[in-house]
Amino acid sequence: MTPPPARRRRGGPPERSFPRRGSVRRSQMITTYGVGSLIAVDNESFIVSGTDSWNMSEAPTIHEHRLARLLGVRSFRLPPASDDRSRDGVHVRRFPLWHSCPDCGTLQHVRAFNSSPGKNDCGTCGQDLVPSRFVMACAHGHIDDFPYWKWAHRSNRREGETGLCGGEMRLRSSGKTASLRSILISCTCGIPEVSMEGAFRGRALSDLKVRCDGKRPWLKDAPAENCSEAPRTLQRGSSVAWQAIVKTSLSIPPWSGGLAARLAEHWDDLRGMDRTGIEMFLKILTVNEKYTFAPDAVVALLEAEKHEDVGPDGEENKDKAYVALRKQEYARLREGHPESEADHEEQFVCEPPRSSAAGLLPYGVATPMLVKRLREVRALKAFSRVDTPDTQADVHEAPLSLTPLTWLPAMEVQGEGVFLRLDEDRLDAWSRSTSVAARVERIRANHLRRLRERAKDPKTAPDSPATPRMVLLHTLAHALINEWSLDGGYPTSALRERLYADETMAGLLIYTATSDSAGSLGGLVAQGEPERLTRSLPAALRRAQWCSADPLCVESEASGAGSVNLAACHACVLLPETSCELNNGLLDRALLIGTPEDPSIGFFHDTQPL
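Residues numbered from 1 in each chain as written. Predicted model: local features only at pLDDT ≥ 70, side-chain atom pairs only at ≥ 80, totals over all residues. Heavy atoms only, no water.

**Observations regarding the state of the cysteines**
Part 1 of the reasoning: Applying the stated criterion across every chain yields a total of zero disulfides.
Part 2 of the reasoning: Free cysteine: cysteine 101, not disulfide-bonded; nearest cysteine sulfur from cysteine 104 at 3.6 Å.
Part 3 of the reasoning: Judged by its relative accessible area of 2%, cysteine 101 is buried.
Part 4 of the reasoning: Of all cysteine sulfurs in the structure, the one in cysteine 569 sits closest to cysteine 572, which takes part in no disulfide; the separation is 3.6 Å. (Disulfide = S-S within 2.5 Å. Buried < 20%, exposed > 50% of the residue type's maximum accessible area, 1.4 Å probe, protein only.)

Listed below in structure tokens is the structure:
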């Protein structure tokens, strides 16, 4: 069922009443319209305010112990929903502030239009104003209005910097083309009319001596920061104007049971108690909540926490902490966790199929695990601009609030999935092939070059995770998602991958990734049954043998953003961005089925049915 919409309001003190500006789904507040993003409502444009301005009095709390520890917060909160009578909600601020009138063409700050009370129109023409299509932003997350004065007066630097010409700006479209050349800006001071052509060049603003002022309009009363980054021109609705930095975690035992959920708000108190103190504390809770707590089970949870290799997300240990989080999930998915009659609130149920999986052994696939009950928490940690968060990429994380918070906005997804694991001995023997290693090294070299170009110091750039094992598992996950989408009736955007690939892991989880009705169809677990999988896996491999873009696709020397793919395109293995962990990078279907010149490159080349 679609969750209630989150109502957006203008920024301001929570005790005042503001008109409702629009609505979006709660899940979009994490992935699409989070803090600092730009949202168009009718003919107006707003920027979503920081979390310290949100009214959270009625917003539900989400607990996910392992992810909270890793991100250094106590809990997560579902973005608030509100109706017309509620004071709860997410606040927004008007941005950009430069507008134009579609009738008279005046281009200026919105306050200079003398709009009618409660409206955003031109005081002279009465027409609704149009927010600027263009903004400028830098890789540190700062954003500001496009410098129209300096752009129009670039032939006269003195007037462009001080605005001493005394004229009024005008904006019009010639209508000859849809390009920037047809967007014309003039000034009544008499300067020649100029177009927006060239405004998107990397050094277009730097050549005008325009520097980033360090503005953060999504944060109320935020002081400007010193910033040395060069600003760039962006379209207001550009995908790189706001990119969410989302961290995710699966709920796994022992933290996925009902006991952990009931005590979620009390762990800080319980950690400092001895056995006697814990028993007394639980007795009081039993009276208040009318629920019996077993001291032994609580002590066992506290002991398990001490042995977890997941700590706060600091710069030195964050990579280690994220890997540890994945390894815990991998171990649980391998071991399984059957449904317990004693705990009906268990959120993780993982069992092997009842039928034999011997038919999968020739493919090097171990017995699949059917994840019949699954819970994933997705938390919005920060966001970036200009630079796209990528695998191991070093991007600047813009904050969600001025003051540190004990919570982060998040959403949870209840669903199901299938966990597959490849034979590691066969994987190791295959990856030692000279032709396989050489092919993956091309992907790795391109990815490393990209990481070094984006790093502040190329010497400290993170290493690329591209290995034969990673690229193979990633491409196999994409091929299966495409196949199961056709076979099971799921839209590809409703399925998501979760990869477990390093020296000690060789698995992938495909699970329902949407909070709407497509996440509860009940057919995904059925795809993991051996009798179905022995049909769908060969079918996926057959489909990967031929792409409508071949031979260009399979013979490609590099493809994808940053040239981090080889044989992979939208006609074969690429997926919607929401379904892929790695932004559709590090893919090569030749590692599945080989190439016409060298079929042995493919991991499954000996087992492909004709």
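Resuming the write-up.
**Here's the deal with the nonpolar core**
Part 1 of the reasoning: Residues Leu472 and Leu592 are the most contacted members of the largest nonpolar core, which totals 49 residues.
Part 2 of the reasoning: For this core, the elements supplying multiple residues, two or more each, are strand S20 (407-421), helix H11 (424-431), helix H12 (434-454), helix H13 (468-488), strand S21 (495-502), strand S22 (505-512), helix H15 (530-545) and helix H16 (590-593).
Part 3 of the reasoning: The element that contributes the greatest number of residues to this core is H13, accounting for 10 residues.
Part 4 of the reasoning: Counting 47 residues, the second largest nonpolar core, distinct from the first, contains Ile30, Phe76, Val92 and Trp407. (Core = buried A, V, L, I, M, F, W, Y, C linked by side-chain atoms within 4.5 Å. Helix = DSSP H or I, 4+ residues; strand = E, 2+ residues; numbered from the N terminus.)

**As for the sheet that holds strand S13 (residues 169-173)**
Part 1 of the reasoning: Taking strand neighbours across the sheet as the criterion, the six strands line up as S10-S8-S9-S13-S14-S15 in an open arrangement whose pairing is antiparallel. Of all the strands in the sheet, the pair left with one neighbour each is strand S10 (130-131) and strand S15 (194-195).
Part 2 of the reasoning: In this structure, strand S8 (residues 98-100) lies alongside strand S9 (residues 106-109), joined through three bridges in antiparallel fashion. Bridging across to S9, serine 100 finds its partner in leucine 107. (Pairing = 2+ DSSP bridges.)

**Some words on unusual backbone geometry**
Glycine aside, a negative phi is what most residues show, and trans is what most peptide bonds show.
Part 1 of the reasoning: Cis geometry marks the peptide bond from phenylalanine 95 to proline 96, where omega comes out at 0°.
Part 2 of the reasoning: Among the structural elements, proline 96 can be located in the loop between strand S7 (90-94) and S8.
Part 3 of the reasoning: A cis amide bond, omega 5°, links aspartate 550 with the succeeding residue proline 551.
Part 4 of the reasoning: Looking at where proline 551 falls in the secondary structure, it is placed in the loop between H15 and H16.
Part 5 of the reasoning: Phi is positive for aspartate 42, close to 55°, though the residue is something other than glycine.
Part 6 of the reasoning: Here aspartate 42 lies in the loop between strand S3 (38-41) and strand S4 (44-48).
Part 7 of the reasoning: Given the relative accessible area of 74%, aspartate 42 is considered exposed.
Part 8 of the reasoning: Even without glycine at this site, valine 386 takes up a positive phi of about 65°.
Part 9 of the reasoning: Within the fold, valine 386 resides in the loop between strand S19 (369-384) and S20.

**Comments concerning the pairing of S20**
Across a regular strand the side chains alternate sides, sitting on one face of the sheet and then on the other.
Part 1 of the reasoning: Counting buried positions over the 15 residues of S20 gives 12, a clear majority of the element.
Part 2 of the reasoning: In terms of strand pairing, strand S6 (residues 75-77) meets S20 through three bridges, oriented parallel. Each bridged residue has a counterpart across the sheet, and for serine 75 the counterpart in S20 is tryptophan 407.
Part 3 of the reasoning: Two strands pair when backbone bridges link them, and S19 and S20 are joined in this way by nine bridges, in the antiparallel orientation. Note that in S20 the partner of glutamate 376 across the bridge is valine 413.
Part 4 of the reasoning: Two strands pair when backbone bridges link them, and S20 and S22 are joined in this way by five bridges, in the antiparallel orientation. Among the inter-strand pairings, leucine 420 is bridged to a residue of S22, identified as leucine 508.

**Brief notes about the sheet that holds strand S11 (residues 134-137)**
Part 1 of the reasoning: In spatial order, the strands read S12-S11-S16; together these three strands make up an open sheet with antiparallel pairing. Where the open sheet ends on each side, the last strands, each with one partner, are strand S12 (143-145) and strand S16 (232-235). With direction set aside, neighbouring strand axes in the sheet form an average angle of 40°.
Part 2 of the reasoning: Here three bridges tie S11 to S12, and the two strands are oriented antiparallel to one another. (Axes fitted to C-alpha atoms, helices over the stretch in contact; angles between N-to-C directions.)

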